[in-house]
Structures are given as structure tokens and as C-alpha cells.
Amino acid sequence: MAHLYLHIPFCARRCAYCDFSIAVRRRIPAGQYVEAIRTELEMLGPAEPLETLYLGGGTPSRLPADAVTTLLQYVFNRTPSPYEVEVTLEANPEDVTPDNAAAWLRAGVNRVSLGTQSFDDRVLQWMHRVHDAARARDAVRTLRAAGFANVSLDLIFAVPAELERHWAHDLDEAVALAPEHLSLYGLTVEPRTPLARWIARGATAAPSDERYADEYLLAHERLSAAGYAFYEVSNAARDGRRSRHNSAYWTGRPYAGAGPAAHSFDGRVRRWNLSAWEAYHRAIIQGRSPVESEEVLSVEQQEMERVYLGLRTSDGLPLRGTHHRSPLLSALLGKGWLVEQGGRLRCTVEGWLRLDALVSALTGPAGTS
Ligand code: SF4
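These lines cover the structure that appears in this document, whether it is placed above or below. (Residues numbered from 1 in each chain as written. Predicted model: local features only at pLDDT ≥ 70, side-chain atom pairs only at ≥ 80, totals over all residues. Heavy atoms only, no water.)

What to know about the nonpolar core
Piece 1. Judged by nonpolar contacts, the single largest core of 82 residues is most densely connected at Leu6, Tyr33, Trp104 and Leu338.
Piece 2. Looking at this core element by element, the count peaks at seven residues for helix α2 (residues 65-78).
Piece 3. When residues no more than four places from it in sequence are discounted, the contact partners of Tyr33 are Leu6, His7, Ile8, Pro9, Phe10, Leu63, Leu71, Pro260 and Trp277.
Piece 4. Of all hydrophobic cores here, the second largest spans 13 residues; its members include Val123, Val159, Leu163 and Leu195. (Core = buried A, V, L, I, M, F, W, Y, C linked by side-chain atoms within 4.5 Å. Buried < 20%, exposed > 50% of the residue type's maximum accessible area, 1.4 Å probe, protein only. Helix = DSSP H or I, 4+ residues; strand = E, 2+ residues; numbered from the N terminus. Contact = heavy atoms within 4.5 Å.)

See below:
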């Protein structure tokens, strides 16, 4: 498969809202990790030349830079690629030093996705982030000085009102750093996170839907005015700077994943690995497959995915010739949540705010399919 994801689970601590599969470690077992990935990729057998490689986490930037180098050397020596491979590394600002940035670039990383989340120190503290706003700004400057021409910033919106976060100011700060790409995520309350516990005991309020909608719409307005185009419900980019790796997911292309909790998909079967680092590592050193489980997508599930993935992107969903225009579809078009252009159905910004409901409606008995 031409798209490879490597999950690097190590984090300095758990952020308040995070339910990802992570391993909080002061000392990173870098050698064991690299060896485990090497073994897993050998178990997967011969590889196609890569088009994209994504080091996600967790916090990949906590992996020592020499381990990143060893990992990438192994991946690229395994199957040389004739393509200009997009190699993304997720980094937290506190790990972006001149030495690390230079080493990542030398190792072949050409895109950094930086977990900035906010430029308000109170919000960052509330989120349990390690960095402050000054460190995030420094990180972007350090990446630029090292020679990175493709930098993405993550921001989280719709935080509780009591934080009095100035979202427009955060957007302006992000734009002032001139990233090529931005990913915006609405705060969600996942079970078993510190945030869920704070809300359960009344220490903070759950994010409001109204705030979510207001801030999402404001982000579209501000970022569009600054020259970014939303090409996916949560992602905006300058021309030619869409994430090629994530775009492969959204167009239903096959991908392989390695590392704890990594997912793989061959177009019909989705597999995922054991999520805890220790369980994953034990399986690998005992010569067992680290796959925890798999699901074979039924025809209905494949259709649901086709609709969901298509509507997430600005390219939209091809309307199939045999589909009749249902009264439901006409109603959704009439509300301005969807538009039909050139035989494709696309979400408007208002539609993206209601994406899950739209997908349920369109894949239900009264929908287009
Ligand atoms: S750094 Fe990222 S992966 Fe790690 S705890 Fe925070 S949000 Fe989760």
C-alpha cells in the first residue's frame, strides 16, 4: 500500500481532552519501538513504493531524532519510492529545537503538523498542554529557519465559555505565522478523559453546540479571507498544500498502519492493532501478530463510508446516475446544507456543521442510495 501510518504512542502527559492510545513516559523506549516497527513491517511482507508516510501519535516528536532517522532509513530502504513522498511528522512545540528540526529534515521529513491548539496561555494550561503560546510561535520560526516549507497548525475550538477564550484572536495569531495548512477540531468530551471527569463533578461546563457553530463559522470566514480553502470539514490549506496522506483516507484509498493502535484498510477489510504499548510490544517480541481485531465492511457499511467520506471533502460525493432525486435530498438542497454541481453533491459550510445528521439521512431509507 502506498500510504503508511506509523503510530508513535509516547507523550509527556495526558492532555485534558485526549482519549488517544498513548503511553505517558519520561524515558522513551526508542530502540524497542524502532525494532518493533521494523519487525511488524517485515511481518506485513513486501511493500509498494510509498506516496505518503505519516508519523502520528501520541507525540512523534518525543521520539529521539536519531530514532526517527533510523526508522525512516529503514522504511525507505525497504522499498525505494520513485515518488516525491510526503513525510509528515506530528510535533508538539516543546520538542521543536533547532537540532531536532534539522535532524528531522535530514531524515526526510518534509511536513510538520504542530499541535499548537491555542495561543492563549490560560487555555493551554487548562488543556494540560506542556507548551505556552510563546513556545508555539518559536517552534514555527525554528521550523522555518531549519528549512521546512510545509507546516500545519492544529487548533481546538469551542472550549468552555468560562475560559473567555478569544477565538478570533487565536485565528489571527495562527494566520500571522503563515502556515501552509490548518486543522481545526471542535472540543469533544470523550469518556474516561480528565475533561469528562471535570464535567461530571461540575468543575467545568460541557462545550455548547451554539458556541461550536459560531466558532466554526468564524473560522471559515477568517481563514477564507486569509487565502485558505477548506478542503475537508476540519482542514484548510493554501493552494497545493492539502495533506496528501489524509486525502488518501478521505478518498477511500487503501493504507497500512504499524505501531500500537494503528489501523490498516485494504478497501474492504479494516484491521487494528493492540492499543496498549506493552501489549503490542509483547506480541511483537513473541513473534505474534499485533492485530487485535478486524471488520469486514458490509455493502451497507461501504456505502455509508462512501457518503461520509465524500461529504467530508470539498470535492464532494459523485451522485450515481441511477439515483433518483429523493424528496429528502431536495429538502436538504433547499435548506442550503448541500449543493449539487457537476454531478456531485457537496456540503456547504452549514452542511458541514450537520455532517453526521446528513450522512444518516442520506444513507437511510429515504436518502439517495
Ligand atoms: S500530546 Fe496529543 S496524543 Fe498526547 S495526550 Fe496530548 S493530545 Fe493526546
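Past the structure itself, the notes keep going.
Topic: the site of the ligand
Piece 1. For the ligand, the full set of nearby residues is Cys11, Arg13, Arg14, Cys15, Tyr17, Cys18, Phe20, Ile22, Gly58, Thr59, Asn92 and Arg129.
Piece 2. When the residues that make up the shell around the ligand are grouped by side-chain class, the tally is six nonpolar, three polar and three charged. (Near = heavy atom within 4 Å. Nonpolar A, V, L, I, M, F, W, Y, C, P; charged D, E, K, R; others polar.)

Looking at helix α14 (residues 355-363)
Piece 1. Among the residues making up α14, those that are buried are Leu355, Leu358, Val359 and Leu362. An end-on view of α14 places all buried positions within 100 degrees of arc, on one side of the element.
Piece 2. The elements touched by buried residues of α14 are α11 (299-312), α12 (327-334), β16 (338-341), β17 (344-347) and α13 (349-352). (Arc of directions from axis to C-beta.)

A closer look at the side chain of Glu173
Piece 1. Examined against the element boundaries, Glu173 turns out to sit in helix α6 (residues 167-176).
Piece 2. On the basis of relative accessible area, Glu173 is assigned to the buried category, the value being 16%.
Piece 3. Sequence-distant contacts of Glu173, defined by excluding residues within four places in its chain, comprise Phe119 and Arg137.

What about the pairing of β16?
Piece 1. In terms of strand pairing, β16 meets β17 through four bridges, oriented antiparallel. Among the inter-strand pairings, Gln341 is bridged to a residue of β17, identified as Arg344. (Pairing = 2+ DSSP bridges.)

Focus on unusual backbone geometry
Piece 1. Going from Gly57 to Gly58, the amide bond is cis rather than trans, its omega being 20 degrees.
Piece 2. Looking at the secondary structure, you find Gly58 in the loop between β4 (52-57) and α2.
Piece 3. Phi at Ala158 is positive, roughly 65 degrees, even though this residue is not glycine.
Piece 4. Take Ala158: it is sitting in the loop between β7 (151-157) and α6.
Piece 5. Classification of Ala158 as buried rests on a relative accessible area of 1%.

What about α11?
Piece 1. With 14 residues, α11 should reach 20 Å at 1.5 Å per residue; the first-to-last C-alpha distance of 20 Å fits that figure.
Piece 2. For α11, every residue scored as buried is listed here: Glu303, Arg306, Val307, Leu309, Gly310, Leu311 and Arg312. (Expected span 1.5 Å × (residues − 1).)

Side note on the sheet that holds strand β5 (residues 86-91)
What holds strands together in a sheet is hydrogen bonding between their backbones, with the strands either parallel or antiparallel.
Piece 1. Spatially, β9-β10-β8-β7-β6-β5-β4-β1-β11 is the arrangement adopted by the nine strands of the open sheet, whose pairing is mixed. Two strands in the sheet have a free side with no partner beyond their single neighbour: β9 (229-232) and β11 (256-258). Averaged over all pairs of adjacent strands, the angle between their axes in this sheet comes to 25 degrees, without regard to strand direction.
Piece 2. Alignment of β4 against β5, held across four bridges, turns out to be parallel. Looking across to β5, one finds that Leu53 is bridged to Val87. (Axes fitted to C-alpha atoms, helices over the stretch in contact; angles between N-to-C directions.)

Here we look at the pattern of salt bridges
Piece 1. What the rule picks out here adds up to 17 salt bridges.
Piece 2. Here Arg312 and Glu232 are joined by a salt bridge, their closest N and O atoms 2.6 Å apart. One end of the pair, Arg312, is in helix α11; the other, Glu232, is in strand β9, and 80 residues separate them in sequence.
Piece 3. Put simply, Arg270, Glu295 and Glu305 are held in one network by salt bridges that share partners. (Salt bridge = Lys/Arg side-chain N within 4 Å of Asp/Glu carboxyl O.)

Some remarks on the sheet that holds strand β15 (residues 317-318)
Piece 1. Ordered by their spatial adjacency, three strands build an open sheet running β15-β17-β16, and the pairing between neighbours is antiparallel. Edge strands, defined here as strands with exactly one partner in the open sheet, are β15 and β16.
Piece 2. α12 contacts β16 and β17 of the sheet and is inclined by roughly 105 degrees relative to β16.

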